[in-house]
Amino acid sequence: MADIIFVLADGETQKKISAEQGETLLDLAHKGQLDVEGTCEGSMACSTCHMIIDENYFDMLPAPSDEEEYLLDLTFGLKPTSRLGCQVVVTEEADGMKVYLPEASRNMML
Ligand code: FES
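Figured I'd write up the structure that's included with this text. (Residues numbered from 1 in each chain as written. Predicted model: local features only at pLDDT ≥ 70, side-chain atom pairs only at ≥ 80, totals over all residues. Heavy atoms only, no water.)

Examined against the element boundaries, Val-88 turns out to sit in the loop between β4 (82-84) and β5 (98-100). The class for Val-88 is buried, based on a relative accessible area of 4%. Along the backbone, Val-88 and Thr-24 are 64 residues apart, and their C-alpha atoms lie at a distance of 5.2 Å. (Helix = DSSP H or I, 4+ residues; strand = E, 2+ residues; numbered from the N terminus. Buried < 20%, exposed > 50% of the residue type's maximum accessible area, 1.4 Å probe, protein only.)

Listed below in structure tokens is the structure:
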């Protein structure tokens, strides 16, 4: 349906992962065995699924909820195009989108 290109924390290595209908960026990261925890499994309690979205695609995504915004504000290494990967459902329009994994993340559940 859509191919997403993940740029790993080293800033160079890229991995293309194909999304099926309804999958989130966190689902894809797990499918591709990337180094992304997603400790709370999408219940917006950890922020270990922090990802930085390609600025060319960022505005096309549905806006984050208030809860996501709140958790993002507490996220280590926040960038203007940061999102929680568990909250971004991949659509066909996202085909070719780059998603950057941060160098580190903070687990809010600890
Ligand atoms: Fe915990 Fe996304 S998996 S906030």
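Back to the text.
For the rest of this paragraph, the subject is the pairing of strand β1 (residues 2-7). Within β1, five of the six residues are buried, which leaves it mostly tucked inside the rest of the structure. The hairpin turn running from β1 into strand β2 (residues 14-19), its antiparallel successor, is six residues long, and Gly-11 in that turn takes a positive phi close to 80°. With three bridges connecting them, β1 and β5 associate as parallel partners. From the neighbouring strand, Phe-6 faces β5, where its bridge partner is Val-99. (Pairing = 2+ DSSP bridges.)

Looking at the element boundaries, Glu-23 is found in the loop between β2 and α1 (25-31). A polar contact of 2.7 Å, which involves the side chain of Glu-23, links it to the backbone nitrogen of Glu-20. Once residues lying within four places of it in the same chain are set aside, the contact partners of Glu-23 are Ser-18, Leu-28, Lys-31, Val-88, Val-89 and Val-90. (Polar contact = N/O pair within 3.5 Å; in protein donor to acceptor, adjacent residues only side chain to side chain. Contact = heavy atoms within 4.5 Å.)

Of the two faces of strand β3 (residues 50-53), both are covered, the one formed by His-50 and Ile-52 as well as the one formed by Met-51 and Ile-53. Bridging between β3 and β4 involves three bridges; their strand directions are antiparallel. In the sheet register, Met-51 faces β4, and the bridge partner there is Arg-83. As defined by bridge partners, β3 adjoins β5 across two bridges and the pair is classed as antiparallel. Bridge assignment links Ile-53 to a residue of β5, and that residue is Val-99.

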